[in-house]
Every structure is written in structure tokens, then in C-alpha cells.
Amino acid sequence: ALTSVAAFSFAAAAAAQTPDDYPNRPIRIIVPQAAGSGVDQQARVLAQKMGELWGQQGVVENRPGANAILGMEAGAKAAPDGYTLVYAPVSAVTMNTFIYKKLSYDPLRDFVPITQTVANPLGAVVNPASGIKSIKDIVERAKANPGQLNYGSFGIGNMTHLMGVLLSIAAGIKMMH
């Protein structure tokens, strides 16, 4: 599976407080995922390009944990001055509000979207020796061996985990996460 859609966001009041000479100091880019992740790599490329275009360094700060909640919290608490951006995976901005009873941030209240930077489709990969060549084969294998087919994801509550749950529900199968 690939990384999910990512979007820049910044604290809501920033738009009204941004000076004409923006940016005039380094820009902090919070990545709510681990260093080396797909989202982190994308943020680092963007930080480099921002530096080249604006003459100000983009400083990537990884704040992984709790399905991106920790990094989103840090972004929501940052000064609303436009100098802290959050490079967020789609699950942190959209899905977390539906899968967690209580979040300390509200994507609609605490952030203003700037742009979508990438769209990465999800995919399924298997060991070639498994003989599985399609989603249909996965479903057939899971039906023949209920609860014996395992799948991995980027973490509980992440889009890749929920896609496995959705496949299980839609196909009437039981897979182990």
C-alpha cells in the first residue's frame, strides 16, 4: 500500500495575520508521521522547493503517533501566524473525526487547507509464492480459510487498515489485521 493523499494546512487565523514580506523566517513543517515515511519524504521535497522559491528554509519536524493525532495536535496548538504548516495524510484530516470518539483538534475549525499535493492510490501486494494474483483470489482464499488470511497496514485506524476492513465487510470475509 502507498501513502495517502497529503495536504498542507495551517492554523486558521494565519491568513489574516500574514505580512506582505512572507516568509521572512524559516517555516516549520509538522509531519504527523515517522521520518522516512512516504508523507515525510514528500514533505522534505516540498520543503526544499519552498526554500529555493522563497529563500527561507522549511524545517521538517516529525511528530508521529496515534494515527497522526499527535502531530495534528501540535499543529492546532501552534501560533496562527502562517509559519507552522502541517503536512497531513488524508486520514488525519478526514477519517480521524469519524473513527475516534474525541479528538483534541477539529480539522474544520483549527486548520485551513492550502492545497492537495499528491494523490496515491492504495494497492495490495502479496508474496508471489502465495499464488494470489487478484483481489478475487484474496476473497476466495479468505472464504476457504476464515480468519487465517493476514494483512498488514500502516497502523490501526489508518486508511490502509480501514481499506482491509472495508474489503472484509464488502466481500463477507474475515481477515486478521
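Predicted model, so just to flag it, every value in this text is computed and none were measured.

Before going further, it helps to examine the side chain of Asn158. Relative to the assigned elements, Asn158 resides in the loop between β6 (149–150) and α7 (159–171). Exposure remark for Asn158: the relative accessible area of 7% places this residue in the buried category. Looking at Asn158, its side chain comes within polar contact range of the main-chain nitrogen of Thr160, at 3.1 Å. If near-sequence neighbours (up to four positions away) are discounted, Asn158 is found in contact with Gln33, Asn67, Ser91 and Met95.

What follows is about the pattern of salt bridges. Summed over all chains, the structure comprises six salt bridges. Close ionic contact of Arg25 with Asp81 constitutes a salt bridge, the shortest N to O distance being 2.6 Å. With Arg25 in the loop between α1 (14–17) and β2 (27–31) and Asp81 in the loop between α3 (69–77) and β4 (84–89), this pair connects stretches of sequence that are 56 residues apart. On the accessibility criterion, Arg25 (37% relative accessible area) is partly exposed. Its salt-bridge partner being Asp40, residue Arg44 comes within 3.0 Å of it at the nearest N-O pair.

Bringing the environment of Lys77 into the picture now. If you trace the backbone, Lys77 turns up in helix α3. Given a relative accessible area of 69%, Lys77 falls into the exposed group. Spatially, the C-alpha atoms of Lys77 and Tyr105 are 8.7 Å apart, while their sequence positions differ by 28 residues.

Rules of the game
Residues numbered from 1 in each chain as written. Predicted model: local features only at pLDDT ≥ 70, side-chain atom pairs only at ≥ 80, totals over all residues. Heavy atoms only, no water. Helix = DSSP H or I, 4+ residues; strand = E, 2+ residues; numbered from the N terminus. Buried < 20%, exposed > 50% of the residue type's maximum accessible area, 1.4 Å probe, protein only. Polar contact = N/O pair within 3.5 Å; in protein donor to acceptor, adjacent residues only side chain to side chain. Contact = heavy atoms within 4.5 Å. Salt bridge = Lys/Arg side-chain N within 4 Å of Asp/Glu carboxyl O.

Function-wise, these values are silent; they only describe arrangement.
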